[in-house]
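Observations on the model geometry
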Amino acid sequence: MLEPSRYARHVLEAQPALAPELAAPQPFTRAQMDAALGGAQEDDEPALKRRLRRLRQRVLLRVMARDLSGAAELAEVCGAMSDLAEASIAAALDWAEAGQAAQCGRPRGAGGAPQPLLVVGMGKLGGRELNVSSDVDLVFVYPEEGDTDGAQRLSNHEYFARVGRKLIALLGDITEDGFAFRVDMRLRPYGESGPLVASFEALENYLVSQGREWERYAWIKARALTGGSARERELEAIVRPFVYRKYLDYGTLAAMRRLHAEVRREVERRELAEHVKLGPGGIREIEFVVQALQLVRGGRDPELALRPTLEALARLAARRLLPEAAARELTEAYVFLRRVEHRLQYLDDRQTHTLPSDADDRARVAAMCGFGAWDAFAAALETQRARVTRHFQAVFAEAQDNGAGELWQDDREALAHALAARGYRDPAGSAARLAAVRASQRYQNLPKDSRRRFDALAPALAAAAAASADPDATLERGLALIEAIARRASYLALLAEHPEALERVARIVAASSWAAEFVTRHPLLLDELLDDRVLYAPPDWAAFARTLRALIAAHEGDPERQMDVLREQHQAQVFRLLAQDLAGLLTVERLADHLSALADLTLEAALELAWRQVRRQREGAPRFAVVAYGKLGGKELGYASDLDLIFLYDDPDERAAEAYARLAQKLNLLLTTRTAAGVLFATDLRLRPSGASGLLVSTVAGFEQYQEQQAWVWEHQALSRARLCAGDAAIGAAFEAIRERILRRRRDAAELAREVLAMRARMHTAHPNPSGLFDLKHDAGGMIDIEFMVQFVVLAHAHEHPRLVGNLGNIALLGIASELGLIPAGLAEACREAYREFRRVQHALRLNGAAYARVPSEQLAAHSGAVKELWQAVLGGFTAAPASRRPAP
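The structure displayed is predicted, hence computed values, not measured ones.

**With respect to the pattern of salt bridges**
- Within this structure, the stated rule accounts for 67 salt bridges.
- The partner of D527 in a salt bridge is R297, with the nearest N and O atoms 2.5 Å apart. Separated by 230 residues along the polypeptide, D527 in the loop between α23 (513-521) and α24 (532-535) and R297 in helix α11 (residues 283-297) bring together distant segments of the chain.
- Assessed through its relative accessible area of 12%, D527 is described here as buried.

What follows is the structure, encoded as structure tokens:
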């Protein structure tokens, strides 16, 4: 089984007693390793070194036997070697510390707290991916400066430096039994020229002031192997902000590209084309792909901050940040290449990654890999490396010159000519706009890399705008966007790295000025443009809710970041719906359903977050509900709609009123506070009992009493479009029972009509329209008239016809009223079509920035005429009541 390995043959000749390791049925466990090192504190130095080295021989023989027999997967091989390294480091550190402490005492911090040495595993050890003949890359850090507490006092720095040097010797010195682990300390601050150990403060200062881009890559897998979990969390808090930026860090792709180019030059210089780690299509290129995508997004998505390469690949695929086929092929290639790496090292226990040139060694390697001949093995290897290269280039390929350079030049006349040739209607005006950008102080002050990217993006945008119906308007909107993001190098890098995203930007801003303003206000949304599969996929609301909660939980203890997560996740979903809307994939009604469902889920998550922040001594879920009225209540929400909300609770606890008032206040703050990510929702809370002068929260019983005894007719009208949208389902059911009972109350039709007409008159007065255009919401014959007619029919007839109580929307209720014979069928259908058309036109106007939904009267005359006719049929025989004492909000 181990015949191809010269190392195994040599060890067994020297120590025949190790032969049983070859037949061991189970892998070596960490517990067995710790047991083998038990009592090491009593050893002298030579004895400890012998113990460490002989344990390595036992473990490696068993790993080789199980690997080459097919009994061990890659994860077992790497896991066993990583366990061995961690057990060896722990035993060596304990021994070294005991010896040093006996001379100098234990190190203490400024307050007298004991100070541990954190041995940080970097690279493959940090990721628990150690290969069978690997160095261990380590960094030594300790929490605080101070001194030891013994008679012979040392500074903590000197104490840990001595311990570190002894640890390195215990692991790496060559004896007659070989070595335990070679130790590489070059990843510490300042590399080989830096001190062997560093305090947390020194490490943080170094990373902040001098940490280089490649060191971010190096620290991705960093993991404290010693020191305890609390100290590990302290270290994580120092390292994470250095590795992962809070923004989408697309600038890292260029940095990683430069780093890879340096590696490639070194490979060529040293003629390492046959190197399975550093050569083309090798292990390092897979790691570059994975870690580059982690660096781009890990600061915003903590679940991407994984150490093991294969786990990170799977997570990237699950997040749709890497195509599933690419992730699958890279996974297969990684396993294949790591297995080849191990077999190269099995030959002589040498840290090698180079394919052999010797024919006999080639045959040995091919056999260990399961191939009958070298040629068959080489062909399979080349297939895997070619796949890696293809996927690497897909991630890191630089954007090609699009030939639009003529659209970004100083010669204004030539620029206008080039724009005219591409179909611009006002080439001189657009040329002047481009020239003004070039001359602006903002552009002149851009850093070199940002200006280079801007110089590529501006003409590319001008070229993309030429494909739109109005190139000049599209260019103006697009320039406003890239000017707004120019100071954020990461967003410029995003568009520079993904030309297809810029083309999608042009299409979206061309279709809607509101969309252009939305993405300009929230440039993080540019990330949504990278993948059409995600952008245009139907929403999966269950998955959205899970992701939102996970991201909020990942930032527990950082309430500001949690507020931003709520906003960013909501905005991303709104933007996806906007893209689908502009592409004609959604009707206005379907869009409103989606926006309402999104608002419900976001409110639910915000309520959970608010409760965690205010609940204090109260356990369990709050007996509290959020009820929506108006657009959200009727599931007719638009992109910028306010939320009309009331808050109810049902809890006998004597502290309930105060607790739920705090909860309502906190929830409203979470929704309405402006953060760096903007405002989540504008809210209107005036529909609660007694309006703005009433309590912010009401008991269910208090709400019921108010509706039964004090509410105005217009408040009962509002109930027709009210529903539970977040919180306790039992309270929601109680609310629905109250709502149905109020709506089904028997009323005098004439008195009801007088109140409805009076309210409609007040709304007319509150929304004057001197424009001469038809206001399709507020004018007679418009949307408000339809809504009021539906509400009148519900309140007048629901006592006889329970179907009218359903919160089904105006279009459905018009149909039901027609079926019940309460309104003329022909007029009902005409008004249903009118309402659809009014909403469609209103939506289109708002998408292009209209302050009012107004059109020439003749455009919708037939529809408004039908509404007026139905108004006469339903309410024409009644007169308005005198003005009430409390107007609607």
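**What to know about empty space enclosed by the protein**
- Here the structure, examined in full by the defined rule, presents 4 cavities of 30 Å³ or more.
- In this structure, the largest cavity occupies an estimated 60 Å³ of space.
- If you trace the largest cavity, you find it lined by M789, V790, V793, V794, L804, L813, L814, A817, I823, L870 and V874.
- Listing elements by their share of the lining of the largest cavity, those giving two or more residues are α34 (783-797), α35 (810-819) and α37 (861-875).
- Classifying every residue of the lining of the largest cavity by side-chain character gives 11 nonpolar, no polar and no charged.

**Quick look at the pairing of strand β3 (residues 136-142)**
- Here β3 lies mainly inside the structure; 6 of its 7 residues are buried.
- In terms of strand pairing, strand β2 (residues 118-121) meets β3 through 4 bridges, oriented antiparallel. Paired with V120 across the strands is V139, a residue of β3.
- One ladder, built from 2 bridges, connects β3 with strand β5 (residues 183-184); its direction is parallel. Paired with D137 across the bridge in β5 is D184.
- Relative to strand β6 (residues 197-199), β3 runs parallel, the two being bridged by 3 bridges. By the bridge assignment, V141 is partnered in β6 with A198.

**A look at the side chain of T675**
- Within the fold, T675 resides in the loop between α29 (656-672) and β10 (683-684).
- A polar contact is formed between the side chain of T675 and the side chain of D564, at a distance of 2.5 Å.
- Apart from residues no more than four positions distant in its own chain, T675 is found in contact with M563, D564 and R567.

**Comments concerning unusual backbone geometry**
- With a phi close to 70°, Y190 is a non-glycine residue in the positive phi region.
- Its place among the elements puts Y190 in the loop between β5 and β6.
- Here K635, not a glycine, exhibits a phi torsion of approximately 55°, which is positive.
- Along the chain, K635 falls in the loop between α28 (630-633) and β9 (643-649).
- When its relative accessible area of 44% is taken as the criterion, K635 is described as partly exposed.

**So, the nonpolar core**
- Ranked by size, the top nonpolar core spans 224 residues in total, and within it W219 and L645 carry the most contacts.
- Counting residues per element, this core draws most heavily on helix α4 (residues 74-104), at 16 residues.
- With near-sequence residues (within four places) excluded, W219 lies in contact with V120, M122, V139, L187, L203, L207, V239, F242 and V243.
- Grouped together as the second largest cluster of nonpolar side chains are 60 residues, M783, L814, Y835 and V855 included.

**Digging into the packing of helix α3 (residues 45-68) against α4**
- Contact pair α3 / α4: the axes reach a minimum separation of 10 Å and the direction vectors enclose 175°. The angle between α3 and α4 falls in the class roughly antiparallel. Here α3 contributes E45, L48, L52, L55, R56, V59, L60, V63, R66 and D67 to the contact with α4, which in turn contributes E76, V77, A80, M81, L84, S88 and W95.

**What to know about the confidence of the model for the protein**
- Confidence in the prediction for the protein averages 91 pLDDT; 97% of positions are at 70 or higher.
- Mean pLDDT values for the elements of the protein range from 71 in helix α10 (residues 251-269) up to 98 in β2.

**Section: helix α14 (residues 359-368)**
- Of all the positions in α14, only D361, V365, A366 and M368 are classed as buried. Around the axis of α14, the buried residues are gathered within 165° of arc, so they sit on the same side. In α14, those exposed residues whose orientation departs by more than 90 degrees from the buried face are A359 and D360.
- Buried positions along α14 lie against α1 (6-14), α3, α13 (324-346) and α15 (374-396).
- Where α14 begins, one side-chain oxygen reaches toward the backbone nitrogen of D360, 3.0 Å away; that side chain belongs to D358.

What counts, and where the lines are drawn
- Residues numbered from 1 in each chain as written.
- Predicted model: local features only at pLDDT ≥ 70, side-chain atom pairs only at ≥ 80, totals over all residues.
- Heavy atoms only, no water.
- Salt bridge = Lys/Arg side-chain N within 4 Å of Asp/Glu carboxyl O.
- Helix = DSSP H or I, 4+ residues; strand = E, 2+ residues; numbered from the N terminus.
- Buried < 20%, exposed > 50% of the residue type's maximum accessible area, 1.4 Å probe, protein only.
- 1 Å grid on protein atoms, 1.4 Å probe; cavity = no way out; pocket = protein on both sides within 12 Å on 5 of 7 lines; lining within 4 Å.
- Points joined across faces, edges and corners; volume = space filled by probe spheres on them.
- Nonpolar A, V, L, I, M, F, W, Y, C, P; charged D, E, K, R; others polar.
- Pairing = 2+ DSSP bridges.
- Polar contact = N/O pair within 3.5 Å; in protein donor to acceptor, adjacent residues only side chain to side chain.
- Contact = heavy atoms within 4.5 Å.
- Core = buried A, V, L, I, M, F, W, Y, C linked by side-chain atoms within 4.5 Å.
- Axes fitted to C-alpha atoms, helices over the stretch in contact; angles between N-to-C directions.
- Parallel < 35°, antiparallel > 145°, perpendicular 65-115°, else oblique.
- pLDDT = per-residue confidence, 0-100.
- Arc of directions from axis to C-beta.

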